[in-house]
Amino acid sequence: MAKLIVIAAPSGAGKTSLIKALLTEAKHLKFTLSVSYTTRKKRATEEHGKSYYFISKEEFELMIKEKEFLEYADVFGDLKGTSKSWVENKIKNKWNVILELDWQGASQIKDVYPNAETIFILPPSYEDLKLRLNERGLDKKEAIEKRLVEAKEEIKEGQHFDHLIVNDKFEEALT
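Residues numbered from 1 in each chain as written. Predicted model: local features only at pLDDT ≥ 70, side-chain atom pairs only at ≥ 80, totals over all residues. Heavy atoms only, no water.

Asker: How do you make sense of the packing of aromatic side chains when you look at a structure like this?
Answerer: Any pair of aromatic rings gets described here by the distance separating the centres and the angle formed by the planes. One pass over the structure, following the stated rule, counts seven aromatic pairs. Look at tyrosine 37 and phenylalanine 69: their rings are 6.0 Å apart centre to centre, the planes differ by 70°, and that puts the pair in the edge-to-face class. Note that tyrosine 37 is positioned in strand β3 (residues 37-38) and phenylalanine 69 in strand β5 (residues 69-75), a separation of 32 residues in sequence. Owing to a relative accessible area of 18%, tyrosine 37 belongs among the buried residues under this scheme. Classification of phenylalanine 69 as buried rests on a relative accessible area of 8%. Directly above the aromatic system of tryptophan 95 lies the positively charged group of lysine 90, at a separation of 5.4 Å from the ring centroid. The ring centre of tyrosine 126 lies 4.8 Å from the NZ or CZ of lysine 152, which sits over that ring. (Phe/Tyr/Trp six-rings, centres within 6.5 Å; stacked < 30°, edge-to-face > 60°. Helix = DSSP H or I, 4+ residues; strand = E, 2+ residues; numbered from the N terminus. Buried < 20%, exposed > 50% of the residue type's maximum accessible area, 1.4 Å probe, protein only. Lys NZ or Arg CZ within 6 Å of the ring centre and 35° of its normal.)

Asker: Hey, could you run me through the environment of lysine 146 in this one?
Answerer: Here lysine 146 is to be found in helix α6 (residues 141-158). With a relative accessible area of 47%, lysine 146 lands in the partly exposed category. Sequence separation between lysine 146 and leucine 122 is 24 residues, and the spatial gap between their C-alpha atoms is 18 Å.

Asker: So what exactly am I meant to see when it comes to helix α1 (residues 15-25) here?
Answerer: Along an α-helix, a turn takes 3.6 residues, which lines up residues three or four apart on a common side. When α1 is considered as a whole, its buried residues turn out to be Lys15, Leu18, Ile19 and Ala21. Looking straight down α1, one finds that the buried residues subtend no more than 165° of arc, so they occupy a single side. Residues of α1 that are exposed and angled more than 90 degrees away from the buried face: Lys20 and Thr24. As for α1, its buried residues are in contact with β1 (4-8), β2 (31-33), β7 (96-101), β8 (117-122) and α7 (170-174). (Arc of directions from axis to C-beta. Contact = heavy atoms within 4.5 Å.)

Asker: How do you make sense of the sheet that holds strand β9 (residues 163-166) when you look at a structure like this?
Answerer: The strands making up a sheet associate through hydrogen bonds between their backbones, and the pairing can be parallel or antiparallel. Strand order across the open sheet formed by five strands is β2-β7-β1-β8-β9, with parallel pairing between neighbours. Pairing within the sheet leaves two strands with one partner each, and these edge strands are β2 and β9. Neighbour-to-neighbour, the strand axes of this sheet turn through a mean angle of 25°, independent of strand direction. Judged from the four bridges that link them, β1 and β8 form a sheet pairing that is parallel. (Pairing = 2+ DSSP bridges. Axes fitted to C-alpha atoms, helices over the stretch in contact; angles between N-to-C directions.)

Asker: Just checking my understanding: could you explain the environment of leucine 70 for this structure?
Answerer: With respect to the helices, strands and loops of the structure, leucine 70 is situated in strand β5. Note: C-alpha distance between leucine 70 and lysine 84 (14 residues apart in sequence) is 4.4 Å.

Asker: Sorry, what's going on with the environment of arginine 136 here?
Answerer: Relative to the assigned elements, arginine 136 resides in helix α5 (residues 126-136). Sequence separation between arginine 136 and lysine 67 is 69 residues; the distance between their C-alpha atoms is 35 Å. Setting aside chain neighbours within four positions, we find arginine 136 in contact with Ser11, Gly12 and Arg147.

Asker: What should I look at first to understand the sheet that holds β3 in this one?
Answerer: Reading across the sheet, the four strands line up as β4-β3-β6-β5 and stay open at both edges, with mixed pairing between neighbours. Strands at the two margins of the open sheet, each flanked by one partner only, are β4 (53-54) and β5. The pairing of β3 with strand β6 (residues 78-83) spans two bridges and is classified as antiparallel. In the strand pairing of β6, tyrosine 37 is matched with glycine 81.

Structural measurements only, silent on function.
This is how it looks when you write it as structure tokens:
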């Protein structure tokens, strides 16, 4: 039977890198990653339909009204959500679906899919997280500070997940 797996972490903890590696190493297990919808502006390195579906706030609100999301949340001022029909179709076709979400989305998923597996990725330390956010060069200083403040709350919420993984040594965290 296909599984629904939710992976969450504070920004910079390495969840995206771990998910990419898992998708590459476990191709034979029929894993697929859901592509979320967002109202966030597209970064130069991102591709519409591959990184996210970049849509307007009005389009997003219409999708909420029409109950097209399995979960959605306001994340750092941008709306993000997961297509209900896409996930249901993949599971029906025996795909193991990975959702890359925050703790709010994971909580919403557990309400709808109580058997979903939830995994929370922790950084080795708060200082490591700060260093990673600064080194990746994706955000301005103010955004990094906001993410670091939010990370403390996210880590508290991570205690409610089924599994906690410390991403200290990448290969160990992957297994």
